[in-house]
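Each chain, written out:
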Amino acid sequence: MAQKPSIPKGTRDFGPAETAARNYIFDTIRSVFRTYGYSQIETPAMENLSTLLGKYGEEGDKLLFRILNSGDAFANVDNTRPLTPQVCEKGLRYDLTVPFARFVVQHQNDICFPFRRYQIQPVWRADRPQKGRYREFYQCDADVIGSTSQLNELELVQIVDTVFRKFGVRVCIKINNRKVLTGLAEICGFPDKVVDITVAIDKIDKIGMEAVEEEMISKGLTPEAVKIIEPVLTLKGSAAEKIAAMRPIMGSSETGMKGLDELEELFGFIEAAGIVNEVEIDLSLARGLNYYTGAIFEVKALDFQIGSICGGGRYDNLTGIFGLPGMSGVGISFGADRIYDVLSGLGKFPAEVKSSTKILFANMGEAAYLIPVISALRSRGLACELYTDKTKLKKQFDYAERKGIPFISINGSDEVAQGIVNIKNLESGEQKSFAKDDADGILAFVS
């Protein structure tokens, strides 16, 4: 009995329609990145585990896909030492930021700083698959490295605003600062628990405030410390009001006060820039990755229920672990797969995304007559198909409908005798005839 074909959980196939829709997402994001001066790079799907481990926190390390060494990986295993490091030296990349930091250090002599790069590639995480969460998914990253100016943060907010306006999706851009979270840990008396606090806070949307408080206590915080943190996470009001309310709370923490100063400066830039989408300070926003040190971002769709569709932040010394200290950077990552789900759910994909073919030339036995017509149209950039089999017209119409082809051209011996071609709009029913060499007229009709 033949084995039933399947793919690993948390992965997906994409047919022609889905691929066309995804390319629309990638092309839209890519076009915005380019208008801000970002250049594209690519890095390998796999990195050395030494590059990846320890960069994403304990939970992140557990989600790394490790790759078994080639050959007989278990041939010389020493049973007195941990097994995994002996048989796995490489892993699939978890995100695009750490490989980017490795790339910057490795190619620093060839890079002009500040270096603006974008990268659109898949990443892999050994997560539990669920709606909106996959084990293989694409990220679309933009980073600036080699500058500490918060004008870079502003540009990332502008990029997010522009991308989602092009998609026709209303979003809320949530912003916090990791220095504020570090300050929180200091003022509640547990400066050594900042990672535990941020990991717990990062789950607030998933498990709720009460469960977050229980997790912080389980990590060693006292109920009194949690009572200091809790009201900060639920502050209401404008950005200016939240910052003003936080200053007396954060007064004893120099780091926390610096974080508030940075938020104030950034929101001053944002106000001047006239961002269209909603932007707010969310003091409960933590972003679980350990390498963030300053501003952090998360983007939520307002009209579709799904997790964050974009996120990022400032990192001050990610390249230091690879031998290039003091190189500050900031970046944002668009989750293409979740954006696909949002655009699908809201019906926001343009109609022309459904098919790249604009005209189907039906086969009535006059292929030799149509070939030069089709060639002339293709040379002008118009996507055309000639139905290769001479068959019933109904079958050819069905083909056009299933592929979402908007125009059809049906030509028999009469059209050949007159030297014309007929073009019909399948949606409106409008039909028009053109001289066979009038490619420009045909192009104008179908555009």
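Here the structure is shown first, and the text comes after it.
Read on for a plain summary of the structure. (Residues numbered from 1 in each chain as written. Predicted model: local features only at pLDDT ≥ 70, side-chain atom pairs only at ≥ 80, totals over all residues. Heavy atoms only, no water.)

1. Examining the overall build of the protein
Scanning the protein for helices and strands turns up 17 helices and 16 strands. The principal-axis extent of the C-alpha atoms belonging to the protein is close to 90 × 65 × 45 Å. Counting over 447 residues, the protein shows a buried share of 48%. Considering only residue pairs separated by 6 or more positions, the protein has 67% of its internal contacts joining residues 24 or more positions apart. Entry remark: accessible area of the protein is about 21800 Å², with carbon and sulfur atoms responsible for 50%. (Helix = DSSP H or I, 4+ residues; strand = E, 2+ residues; numbered from the N terminus. Buried < 20%, exposed > 50% of the residue type's maximum accessible area, 1.4 Å probe, protein only. Contact = heavy atoms within 4.5 Å. Areas by Shrake-Rupley, 256 points an atom, 1.4 Å probe, with all protein chains shown as cover.)

2. What to know about helix α1 (residues 16-35)
End to end, α1 covers 28 Å across 20 residues, agreeing with the expected 28 Å (1.5 Å per residue, within 8%). Inspection of α1 places Ala21, Arg22, Tyr24, Ile25, Phe26, Thr28, Ile29, Arg30, Val32 and Phe33 among the buried residues, and these make up the whole buried set. The elements touched by buried residues of α1 are β1 (39-40), β5 (115-124), β6 (136-145), α6 (151-167), β11 (329-335) and α13 (336-346). At the exit of α1 stands Gly37, carrying a positive phi of roughly 85°. (Expected span 1.5 Å × (residues − 1).)

3. Focus on the nonpolar core
Core analysis: the biggest nonpolar cluster contains 99 residues, and Ile25, Phe164, Phe167 and Phe334 have the highest contact counts within it. In terms of residue count, α6 provides more of this core than any other element does, eight residues in total. Residues contacting Phe167, with those up to four places away along its chain left out, are Tyr24, Ile25, Thr28, Ile29, Ile339, Leu343 and Lys348. Ranked by size, the runner-up nonpolar core spans 17 residues in total, among them Leu370, Phe407, Phe434 and Ile442. (Core = buried A, V, L, I, M, F, W, Y, C linked by side-chain atoms within 4.5 Å.)

4. Observations concerning the packing of α6 against helix α12 (residues 254-273)
Interhelical geometry of α6 versus α12 gives an angle of 45° and a closest axis separation of 9 Å. As the angle between them shows, α6 and α12 are arranged oblique. Regarding α6 and α12, the two cross each other, and that crossing is right-handed. Contacts between α6 and α12 involve Leu151, Glu153, Leu154, Val157 and Gln158 from the first element and Leu266, Phe269, Ile270 and Ala273 from the second. Considering only residue class, the contact of α6 with α12 consists of seven nonpolar, one polar and one charged. (Axes fitted to C-alpha atoms, helices over the stretch in contact; angles between N-to-C directions. Parallel < 35°, antiparallel > 145°, perpendicular 65-115°, else oblique. Left-handed = near helix turned anticlockwise from the far one by under 90°. Nonpolar A, V, L, I, M, F, W, Y, C, P; charged D, E, K, R; others polar.)

5. Notes on the packing of α1 against α6
Put simply, α1 and α6 touch, their axes get as near as 10 Å, and they point 140° apart. Put simply, α1 runs oblique to α6. Regarding α1 and α6, the two cross each other, and that crossing is right-handed. Taken together, the residues of α6 that come into contact with α1 (itself represented by Tyr24, Ile25, Thr28, Ile29, Val32 and Phe33) are Ile159, Thr162, Val163, Lys166 and Phe167. Of the residues in the contact of α1 with α6, the class split is eight nonpolar, two polar and one charged.

6. Concerning the pattern of salt bridges
Side chains bearing opposite charge may pair, as long as their charged atoms lie close to each other. With the rule as written, the count across this model stands at 23 salt bridges. Note that Lys203 and Glu59 form a salt bridge whose closest N and O atoms lie 3.5 Å from each other. Taken as a pair, Lys203 in the loop between α8 (194-201) and α9 (204-218) and Glu59 in helix α3 (residues 57-62) lie far apart in primary sequence, 144 residues in all. Between Arg247 and Asp261 there is a salt bridge, with its nearest N and O atoms 2.9 Å apart. Here Asp261 lies in helix α12 and Arg247 lies in helix α11 (residues 239-250), a separation of 14 residues in the sequence. (Salt bridge = Lys/Arg side-chain N within 4 Å of Asp/Glu carboxyl O.)

7. Here's the deal with the state of the cysteines
Inspection of the entire model under this criterion finds zero disulfides. Of all cysteine sulfurs in the structure, the one in Cys310 sits closest to Cys140, which takes part in no disulfide; the separation is 9.2 Å. The buried category is assigned to Cys140, whose relative accessible area is 0%. (Disulfide = S-S within 2.5 Å.)

8. Points about the sheet that holds β6
One open sheet accounts for eight strands, arranged β1-β5-β6-β11-β10-β9-β7-β8; its pairing is mixed. Edge positions in the open sheet fall to β1 and β8 (278-281), since each of these has one partner strand only. Of the strand pairs in this sheet, β6 and β11 are connected by seven bridges, and their pairing is antiparallel. Across the sheet, Asp141 pairs through a bridge with Ser333, a residue of β11. Of the strands in this sheet, β6, β9 (295-301) and β11 are in contact with α13, which crosses β11 at around 45°. (Pairing = 2+ DSSP bridges.)

9. A few points about the side chain of Arg125
Tracing the chain through its elements places Arg125 in the loop between β5 and β6. At a separation of 2.9 Å, a polar atom in the side chain of Arg125 contacts the main-chain carbonyl oxygen of Tyr94. Leaving out residues up to four positions away in the same chain, Arg125 has contacts with Leu63, Phe65, Tyr94, Asp95, Tyr134, Arg135, Phe137 and Gln139. (Polar contact = N/O pair within 3.5 Å; in protein donor to acceptor, adjacent residues only side chain to side chain.)

10. A few points about unusual backbone geometry
Each neighbour pair has its own omega, and for Phe113 with Pro114 the value is -5°, a cis peptide bond. By the secondary structure assignment, Pro114 is in the loop between α5 (97-106) and β5.

11. Digging into the side chain of Gln121
The residue Gln121 is located in strand β5 in this model. A polar contact of 2.9 Å, which involves the side chain of Gln121, links it to the side chain of Gln119. Not counting residues within four places of it along the chain, the set of residues in contact with Gln121 comprises Ile41, Glu42, Thr43, Arg93, Leu96, Phe137, Tyr138 and Gln139.

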